[in-house]
Amino acid sequence: QAGELDAVLAEFRMEATEDECSQPLRRQVLGHALRAHVAAANAVLWVSTGPDCEVLVKELTATKAYCEDESCPVEVCVEVLALIDSLGVPLLAAAAGAKEAAGVDAALRVAGI
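These numbers were taken from a predicted model, which means no experiment stands behind them.

(A) How the structure looks around helix H3 (residues 53–67). End to end, H3 covers 20 Å across 15 residues, agreeing with the expected 21 Å (1.5 Å per residue, within 8%). Buried residues of H3: Cys53, Leu56, Val57, Glu59, Leu60, Ala62, Thr63 and Tyr66, and no others. Sitting at the head of H3, Asp52 places a side-chain oxygen 3.2 Å from the backbone nitrogen of Glu54.

Laid out in structure tokens, this is it:
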């Protein structure tokens, strides 16, 4: 779902329209896309095998880009902040349990976003 919403937002950007009629729709789609990325990040954060740090990097990078957009809905930011607050324990567990340097590196990349 997040990928489909990303594609819709890319179309809005390609049109480069300042049309006031499309701005509320763009803001709504942005909110839905942001929520979809947060949900996807949450889904991989709490799996029994430990978080998939590569997926977290992808989802958090998209989330960051949308949060930097001036039309980002403020109410969605609460969900993003809750996600950020929940990252610590799973990432520390992933880094501590990593048998390979790649696992630690991936956890650190997530923390750096």
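(B) Helix H4 (residues 74–86), seen in detail. A rise of 1.5 Å per residue sets the reference length of H4, with its 13 residues, at 18 Å; its end C-alpha atoms lie 19 Å apart and thus fit the reference within 8%. Looking only at H4, the buried set comprises Val76, Val80, Leu83 and Ser86. Seen end-on, H4 carries its buried residues on one side only, within an arc spanning 125 degrees. Residues of H4 that are exposed and point more than 90 degrees away from the buried face comprise Val74, Val78, Leu81 and Asp85.

(C) Highlighting the nonpolar core. Ranked by internal contacts, the top residues of the largest apolar core, which has 22 residues, are Leu9, Leu34, Leu56, Tyr66, Leu83 and Leu87. If you list the elements that add at least two residues to this core, you get helix H1 (2–15), helix H2 (22–45), H3 and H4. Element by element, the count of residues in this core is highest for H2, at 9 residues.

(D) Geometry of the side chain of Glu59. Mapped onto the fold, Glu59 is located in helix H3. Under the relative-accessibility criterion, Glu59 is labelled buried at 5%. With residues up to four places along the chain from it excluded, the contact list for Glu59 reads His37, Ala40 and Ala41.

(E) Main features of the pattern of salt bridges. Inspection of every chain in the model, using the stated rule, returns 4 salt bridges. Between Arg26 and Asp69 there is a salt bridge, with its nearest N and O atoms 2.6 Å apart. With a gap of 43 residues between them, Arg26 in helix H2 and Asp69 in the loop between H3 and H4 connect regions that are remote in the sequence. Across the salt bridge formed by Arg35 and Glu79, the nearest N and O atoms sit 2.8 Å from each other. Taken as a pair, Arg35 in helix H2 and Glu79 in helix H4 lie far apart in primary sequence, 44 residues in all. For Glu79, a relative accessible area of 31% corresponds to the partly exposed category.

Definitions and limits used
Residues numbered from 1 in each chain as written. Predicted model: local features only at pLDDT ≥ 70, side-chain atom pairs only at ≥ 80, totals over all residues. Heavy atoms only, no water. Helix = DSSP H or I, 4+ residues; strand = E, 2+ residues; numbered from the N terminus. Expected span 1.5 Å × (residues − 1). Buried < 20%, exposed > 50% of the residue type's maximum accessible area, 1.4 Å probe, protein only. Polar contact = N/O pair within 3.5 Å; in protein donor to acceptor, adjacent residues only side chain to side chain. Arc of directions from axis to C-beta. Core = buried A, V, L, I, M, F, W, Y, C linked by side-chain atoms within 4.5 Å. Contact = heavy atoms within 4.5 Å. Salt bridge = Lys/Arg side-chain N within 4 Å of Asp/Glu carboxyl O.

Structural measurements only, silent on function.
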